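Listed below, chain by chain, are the residues.
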Amino acid sequence: MKYNLNSKILSFFTSTPIMPILVVGFVAACLFVPNFASVYNQKILLLQASDLLIISCGVTFVVLNGGIDFSATSVLTLGSVVGAYIMALSPLASNPIISIPVAIAAILVIGLLVGAINGFAITVLKMPSFIATLATQLAVSGVAVLFNSSVTEKSSISGLPESFFIFGGSGKYYLVPIAIALLVWGFSYWLLKYTKFGRDIYAIGVNPRTAHISGINVKKTIFVLLVMSGLFAGIASILATARNQVGLPSLGDKMFISIMAAIIVGGTSTAGGFGGFKQTLLGVLFVTVITNIMNLLGVEWFIIMIIQGTLILLSTMFGTMFSSIWSLKAGEESK
Amino acid sequence: MKTKLFLLLTVLLTLSIVFSACATQGTPNVSALSDASQASKEESTKAPTTEKIKIGVSFDSLISPWWVTNLDVMKKEAEKANAELIVVMAEGDAAKQNQQIESLLAQGVKAVICGPKDSNAIVASIKKCKEAGVPIIMDNRSVSGDVLPDVQVVSNNQLMATNLLQAFADNARSEGKTYNTILLIGGLSDENAVLRKKGHDEAIAANPDVFNVVAEVPTDWDLDTCLKGLQNALQAHPDANLIITPSDYLWPPIRSSLEQIGKWGKIGEANHMAVVAFDGDEVGMQYLKDGYSEGDSAQDAVLQGELCIEWALKLISGEKPTENIIYDEGQTITVQNFDEIAPQIWSYSLLK
């Protein structure tokens, strides 16, 4: 009984190692970091976490599957400039009632297309996800800059309709992006935990060959996951574009490290087969809270980078350590 | 067990948010930010206080000595005025800069001084500052459009660029020289780069007998992009004999490219390639002094830093400017007037 309790506590810390650190850090920040606990700061903290959570959910699917999706940030970028063009510079721009839905649809289609290209390259052409998504990331980012420079002399597109900013949480609508992010997260959590598709993802992540022998359609699953990752990046692009109120061809350039930090620090294994959306949610909150605390404390940007890098390193180390201890205990138990 | 533990910790987390939010009365909230700012303005005008005034500074990055000097001056001026600067760097990320300005507002700064990464993207932050009743000042990079910051302290980029090239053209004409020109272009998201390009174009169009533009090289304010673009342009146009750069920041790739083709020489030497620059920082001024450059247009990092702090304090105390843009008219320095003008430039004391 005693071992059973210990093993469950150990299992909890193994599956969500960041939770106690997040709770302690959050409470400490509330008490000791000036302005951290203010309603205004909590609001911007949640808003800043919204698009990161959505795009991280998409990439989490791929990581759980044992892959990686570098191209998610380029979807963010291309979606941003194409959407902004439709709303601000295209012939539809004069009518926001039409231009906003068309822009949103276009952004989502871009996400689906990039995901489908990745899926084709990985499942049909049998390219490693590392190479395939890196290639699409480069190409799509280039297309974004090319598109932007062909429609405007400036390197960003402004003049978006005010009503579109609702998706960025403008004014009294600050709950809109938070609600969208929670919906996406809730859907992802449900899909992974309560459906056969979710179990297939884990199975492929642990061992794709075994999964194939067990009757799982590995290629189809991987293809769908990459399309979903692209789609989620498209949704994040809508929120981020609305939040910044411009189409930016550099929107996703610096975001990938935050996405991977959130996924890894949360406790999802980059080797696949272990982790989930509870971990990604905690990881996103952790990364956002840490960055927010550092900003509030006036910590220099390069120190923030050092801290973020160190946290990824430490959390990966502790994750591996906990997993080893857990495996050892489980081994002793079976004897 | 795991679920219970997860739930317990989630409840703890939620409770800590609720209790801490309740416990920190007086910290800004969404609707109260404007009122809080107004109240603080009234306090600052009514009674002297020992508490330092917080001013937020949001820069793109400290990529050149100009920005380093500009920030140093602000720190000194802020200290004199018993103000505290909270400095954040966006490191080339316009979205991050908007997030950082939100954090500055959350920290209760009374004014924001901003060197924007992107003249369009920063508008979202200007709107947020206005909603919060916190004045915002643009430092060195201007914003145009419907939503303007409270004050913009900028160099008269277009005029300065035109004046320098006109002075260069006048001298070239008197010497009977013509130039096959490579024109470097800064980041087009930066209003300064756009205006300097306009100024250069204006002077080039006005002096067709002196300038023949053989290549335009976009750099996006990136040294590596500049190096590769310039190398290609020099290969494609071996007859080029003038480089116009929109910033002294781009000197390293210019020097490297010219050294590679054996054209890094001083004025008067057979292998000299003419270069005219912009900024007037110690790098550009040193090359001008040493004879590698024909001219520089100096914007005043000290003056602009002083003006930013001065106007931040004025705006906090409720004063309004008569003009939205306050110009630094800059100085045109050439080989011919170096001894006379250079000692007036902020970077002169740093020269070897």
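Residues numbered from 1 in each chain as written. Chains lettered and ligands numbered in written order. Predicted model: local features only at pLDDT ≥ 70, side-chain atom pairs only at ≥ 80, totals over all residues.

Description of the overall build of chain A
Moving on, step 1. Secondary structure assignment for chain A yields 13 helices and 0 strands.
Moving on, step 2. Order of helices (α) and strands (β) in chain A, N terminus to C terminus: α-α-α-α-α-α-α-α-α-α-α-α-α.
Moving on, step 3. The C-alpha extent of chain A, read off along each of the three principal axes, is 70 × 55 × 35 Å.
Moving on, step 4. Looking at the 335 residues of chain A, the share that counts as buried comes to 51%. (Helix = DSSP H or I, 4+ residues; strand = E, 2+ residues; numbered from the N terminus. Buried ≥ 20, exposed ≤ 12 C-beta atoms within 10 Å, placed from the backbone.)

Re the overall build of chain B
Moving on, step 1. Per the secondary structure count, chain B includes 12 helices and 12 strands.
Moving on, step 2. Considering only contacts within chain B whose residues lie at least 6 apart along the sequence, 72% involve residues at least 24 apart. (Contact = placed C-beta atoms within 7 Å.)

Comments concerning the pairing of strand E4 (residues 136–139) of chain B
All names here are of chain B.
Moving on, step 1. In E4, alternate side chains face the same way, and those of Ile136 and Met138 on one face and Ile137 and Asp139 on the other are all buried.
Moving on, step 2. Pairing analysis gives 3 bridges linking strand E3 (residues 111–115) to E4, with the strands arranged parallel. Residue pairing for E4: valine 112 is matched across the bridge by isoleucine 136.
Moving on, step 3. Taking the sense of rotation as the criterion, the β-α-β connection linking E3, helix H5 (residues 123–132) and E4 turns out right-handed.
Moving on, step 4. Pairing of E4 with strand E5 (residues 151–155) involves 3 bridges; the strand directions are parallel. Bridge pairing links methionine 138 to glutamine 152 in E5. (Pairing = 2+ DSSP bridges. Right-handed = clockwise from strand over helix to strand, strands pointing away.)

Section: the environment of A:Gly272
All names here are of chain A.
Moving on, step 1. Here glycine 272 is to be found in the loop between helix H11 (256–266) and helix H12 (277–296).
Moving on, step 2. On the basis of neighbour count, glycine 272 is assigned to the buried category, with 21 C-beta atoms found within 10 Å.
Moving on, step 3. The sequence separation of glycine 272 and valine 227 amounts to 45 residues, and the corresponding C-alpha distance is 18 Å.
Moving on, step 4. Aside from chain neighbours lying at most four places away, what touches glycine 272 is Val63, Leu64, Asn65, Gly66, Gly205 and Val206.

Some thoughts on the domain arrangement of chain A
All names here are of chain A.
Moving on, step 1. As far as domains go, chain A holds domain 1 (36–285) and domain 2 (299–335).
Moving on, step 2. On a C-alpha basis, the centres of domain 1 and domain 2 stand 26 Å from each other.
Moving on, step 3. With 4 residues of domain 1 in contact, the opposing surface of domain 2 contributes 6 residues.
Moving on, step 4. Residues that form the side of domain 1 that touches domain 2 fall into these classes: 3 nonpolar, 1 polar and no charged. (Domains from an automatic or database assignment. Nonpolar A, V, L, I, M, F, W, Y, C, P; charged D, E, K, R; others polar.)

Topic: the sheet that holds strand E6 (residues 179–185) of chain B
Residue and element names in this part refer to chain B.
Moving on, step 1. One open sheet holds the 6 strands; their spatial order is E7-E6-E8-E9-E10-E12, and the pairing between them is mixed. Among the strands making up the open sheet, the edge pair consists of strand E7 (211–218) and strand E12 (331–334). For this sheet the average axis-to-axis angle between neighbouring strands, irrespective of direction, equals 15 degrees.
Moving on, step 2. Across 4 bridges, strand E9 (residues 274–279) lies against strand E10 (residues 295–298) in parallel orientation. Bridge pairing links aspartate 279 to alanine 298 in E10.
Moving on, step 3. Lying over the sheet, helix H6 (residues 157–174) contacts E6, E7, E9, E10 and E12, oriented at roughly 155 degrees with respect to E10.
Moving on, step 4. Sheet contacts for helix H7 (residues 191–206): E6, E7, strand E8 (242–244) and E9; angle to E6, the most-contacted strand, approximately 165 degrees. (Axes fitted to C-alpha atoms, helices over the stretch in contact; angles between N-to-C directions.)

Describing the packing of helix H7 (residues 175–194) of chain A against helix H8 (residues 196–206) of chain A
Residue and element names in this part refer to chain A.
Moving on, step 1. Orientation of H7 relative to H8, taken along the N-to-C sense of each, is 75 degrees, at an axis distance of 5 Å. Classified by the angle their axes make, H7 and H8 are roughly perpendicular. The segment H7 lies against H8, with Leu191, Leu192, Lys193 and Tyr194 engaging Phe197, Gly198 and Ile201.
Moving on, step 2. Across the contact of H7 with H8, the residue classes tally to 5 nonpolar, 1 polar and 1 charged. (Parallel < 35°, antiparallel > 145°, perpendicular 65-115°, else oblique.)

Some points on the domain arrangement of chain B
Residues and elements named next belong to chain B.
Moving on, step 1. Partitioning chain B into domains gives domain 1 (52–155 + 302–329) and domain 2 (157–299 + 332–350).
Moving on, step 2. Each of domain 1 and domain 2 has a C-alpha centre, and the two are 29 Å apart.
Moving on, step 3. Taken together, the contact between domain 1 and domain 2 spans 15 residues of the former and 15 residues of the latter.
Moving on, step 4. If you tally residues by element for the side of domain 1 that touches domain 2, the top one is helix H3 (residues 65–80), at 3 residues.
Moving on, step 5. Here the side of domain 1 that touches domain 2 is composed, by residue class, of 5 nonpolar, 7 polar and 3 charged.

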